[in-house]
Amino acid sequence: MAAAASTTTRTLLLFSPFKTSLTSSSSSSYYFHNFPKLPFSPFKTTTTSTYTYCCYHSSTQSQSQSQSSPPRLNNNNNVIEILQQRGLIESLTSPDLHDAAAAVSSSPLKVYCGFDPTAQSLHLGNLLGLIVLSWFHRLGHQPVALIGGATARVGDPSGKSLERPDLDLDSLRRNTLGIQSTIARILSENSVILNNYDWWKEVKLLDFLKDVGKYARVGTMMAKESVKKRLESEQGMSYTEFTYQLLQGYDFLHLYKNEGVRVQIGGSDQWGNITAGTELIRKVLQVEKGAYGLTFPLLLKSDGTKFGKSEDGAIWLSPAMLSPYKFYQYFFSVPDSDVVRFLKMLTFLELEEIDELEREMGRVGYVPNTAQRRLAEEVTRFVHGEEGLMEAIKATKALRPGAETKLDWETIEGIAEDVPSCSLKYDQVVNVQLVELSVSAGLFESKSAARRLLKQGGLYLNNSRVDGEDKRIEAEDIVDGKVVLLSAGKKNKVLVRIS
């Protein structure tokens with residue numbers, strides 16, 4: 001192509017996280033280009049095959065000048081590309097983060113994710129944040145976990161229809177210790193754990209208003225999605241909650257200035273809070289580049305409902321609140337329609353291995369739940385470590401009726417909270433007919449129901465099938481002299497504790 005005549009050219013790529021209006025004039029023109037999909041989203045858009053970038057070109061540009069080609073993606077260890085391939089990026093505040101992440105050997109990034117201590121444990125909704133932090137670390141960057149000891153006193157309105165209840169100081173301290181323990185266990189020595197109360201306790205209101213508040217535009221704050229939804233609701237929004245985005249924005253400013261943290265990550269509902277931080281850094285420190293935000297999508301099932309709730313409530317990451325066995329079982333029961341996507345998002349398996357698992361699911365002779373078993377193993381290992389995974393697998397095998405794994409007290413204790421139980425005296429158990437004990441323990445409503453299942457081969461004592469209706473409990477049937485496990489079929493169980 002022949003070179004065009006020399007002209008004065010200015011090109012502005014707008015990657016504003018805020019609402020931007022473009023006013024046409026006689027001396028300029030505005031138009032949109034569609035480029036191949038890249039691992040960043042400058043605007044909040046739905047996922048399509050292309051992203052749209054708004055470009056402004058001055059009217060002096062030659063019409064024959066060729067358009068610049070979009071950057072090419074390389075098969076390297078760029079964390080942004082890997083997160084994009086695994087469905088772990090919804091939006092970036094700037095495409096420059098891609099290049100910043102590529103410079104890991106000379107300038108690794110410090111990346112932070114915040115966790116407000118509103119409960120004693122993190123839950124499955126927090127898991128993606130820990131996984132993304134872990135991906136950054138695996139590729140040479142420095143993860144930082146920020147516990148919101150100060151911001152939890154205010155309450156983040158993002159994704160909430162009602163204001164959070166106030167937490168007393170004792171609850172906050174207890175929750176903070178619990179969450180700190182969970183993060184340290186999962187990320188081990190890979191992360192720095194900070195508490196924003198350590199700097200907020202020194203901040204004075206007048207100084208904050210003078211040094212930070214003057215940079216906050218009320219119109220911009222009200223335009224945030226989390227604020228708009230609450231303002232339109234019957235409950236409205238308190239001034240306390242309204243300031244939350246500015247508090248979180250100041251956290252990013254503090255970490256950027258004092259800890260060298262350049263990236264904040266969070267769920268898609270954190271977009272407004274994250275961009276409040278990047279804007280504050282730009283205005284207060286007069287830094288045009290260098291502070292970035294990244295959001296990942298919410299973890300949803302294929303039917304659009306949230307993934308992370310069971311019949312009993314939240315899926316906690318602390319073994320004190322949910323046993324590794326029950327955690328493992330939750331992932332083992334994921335439907336086929338979701339398992340491949342969750343393998344990509346929630347594990348560190350190579351994509352080629354996940355693709356092979358997906359192909360196996362469509363082959364004749366595929367063993368049901370093979371992919372789910374791999375998902376459960378990988379996620380349980382990440383959250384509870386190898387020891388927690390072994391505990392979950394051992395309990396799973398031992399609690400399967402007919403399993404050859406011998407039950408012992410340690411295994412039973414690991415699942416005791418997950419199985420209904422009752423306490424009976426020794427003489428109420430020993431030499432008592434199994435059918436009668438099954439009723440008194442609450443496994444069946446009547447002896448006739450127990451006999452019927454026994455004849456069908458579905459009644460088990462310590463995972464061993466019982467065929468004789470006259471079977472009586474003997475002393476050696478009591479596991480370690482402490483408990484008896486009764487099972488009706490594969491799912492219904494009762495632990496009989498000897499009091």
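Before reading further, recall that the structure is shown in the block above.
None of these values were measured; they are calculated from a predicted model.

Ile265, Leu294, Phe331 and Leu346 are the most contacted members of the largest nonpolar core, which totals 69 residues. Top contributing element to this core by residue count: helix H15 (residues 370-398), with nine residues. Ala150, Met221, Phe252 and Ala291 belong to the second-largest nonpolar core, a separate cluster that totals 26 residues.

Before going further, it helps to examine the environment of Val111. Take Val111: it is sitting in strand E5 (residues 110-115). Using a relative accessible area of 0% as the deciding quantity, one classes Val111 as buried. Residues Val111 and Leu255 lie 144 residues apart in sequence; the distance between their C-alpha atoms is 9.9 Å.

Another aspect to go through is the pattern of salt bridges. Should the charged atoms of two oppositely charged side chains come close, the side chains can pair. Counted by the stated rule, this structure contains 14 salt bridges. A salt bridge links Glu386 to Arg381; the shortest N-O distance between them is 2.9 Å. Here the salt bridges share partners, and the residues they tie into one network are Glu353, Arg374, Glu378, Arg381 and Glu386.

Another point: the pairing of strand E8 (residues 263-267). One face of the sheet, then the other: side chains in a regular strand alternate in exactly this way. Most of E8 sits inside the fold, with five of its five residues counted as buried. Pairing of E5 with E8 involves three bridges; the strand directions are parallel. Bridge pairing links Tyr112 to Gln264 in E8. In this region the chain leaves E8, passes through helix H11 (residues 271-285) and returns to the parallel neighbour strand E9 (residues 292-296); the handedness of that crossover is right-handed.

In this description, an aromatic ring pair is defined by two values, namely the gap between the centres and the angle between the planes. Using the criterion set out here, one finds nine aromatic pairs in the structure. On the basis of an interplanar angle of 85 degrees and a centroid distance of 5.7 Å, the ring pair of Phe208 and Tyr250 is categorised as edge-to-face. Placement of the pair is Phe208 in helix H6 (residues 205-211) and Tyr250 in helix H10 (residues 244-259), with a sequence separation of 42 residues. For Phe208, a relative accessible area of 9% gives the class buried. Judged by relative accessible area, which is 17%, Tyr250 ranks as buried. Each member of the aromatic cluster is reached from another via a ring pair, and the members are Trp135, Phe348 and Phe382.

Tracing the chain through its elements places Trp316 in the loop between strand E11 (313-314) and helix H12 (324-332). Sequence spacing of Trp316 and Asn126 is 190 residues, and the spatial spacing of their C-alpha atoms is 9.5 Å. Contact partners of Trp316, with chain neighbours within four places excluded, come to Ala119, Ser121, Leu122, His123, Met321, Leu322 and Phe327.

Moving on, we come to the sheet that holds strand E6 (residues 142-147). In sheet architecture, strand pairing relies on hydrogen bonds along the backbone and comes in two forms, parallel and antiparallel. Overall, mixed pairing links the six strands, which are arranged E4-E9-E8-E5-E6-E7 in an open sheet. The outermost strands of the open sheet, each flanked by one partner alone, are strand E4 (91-92) and strand E7 (192-195). Along the sheet, helix H4 (residues 169-187) contacts E5, E6 and E7; its crossing angle with E6, the most-contacted strand, is approximately 165 degrees. Against the sheet, H10 engages E5, E6, E7, E8 and E9, with an angle of about 150 degrees to E5.

Our next topic: unusual backbone geometry. For Asn369, which is not glycine, the phi torsion reads 70 degrees and is therefore positive. Along the chain, Asn369 falls in the loop between helix H14 (351-361) and H15. Although it is not a glycine, Asn462 sits at a positive phi angle of roughly 50 degrees. Assignment of secondary structure puts Asn462 in the loop between strand E13 (459-461) and strand E14 (464-465). Taking relative accessible area as the criterion, Asn462 reaches 17% and is therefore assigned buried.

Quick notes on the rules
Residues numbered from 1 in each chain as written. Predicted model: local features only at pLDDT ≥ 70, side-chain atom pairs only at ≥ 80, totals over all residues. Heavy atoms only, no water. Core = buried A, V, L, I, M, F, W, Y, C linked by side-chain atoms within 4.5 Å. Buried < 20%, exposed > 50% of the residue type's maximum accessible area, 1.4 Å probe, protein only. Helix = DSSP H or I, 4+ residues; strand = E, 2+ residues; numbered from the N terminus. Salt bridge = Lys/Arg side-chain N within 4 Å of Asp/Glu carboxyl O. Pairing = 2+ DSSP bridges. Right-handed = clockwise from strand over helix to strand, strands pointing away. Phe/Tyr/Trp six-rings, centres within 6.5 Å; stacked < 30°, edge-to-face > 60°. Contact = heavy atoms within 4.5 Å. Axes fitted to C-alpha atoms, helices over the stretch in contact; angles between N-to-C directions.

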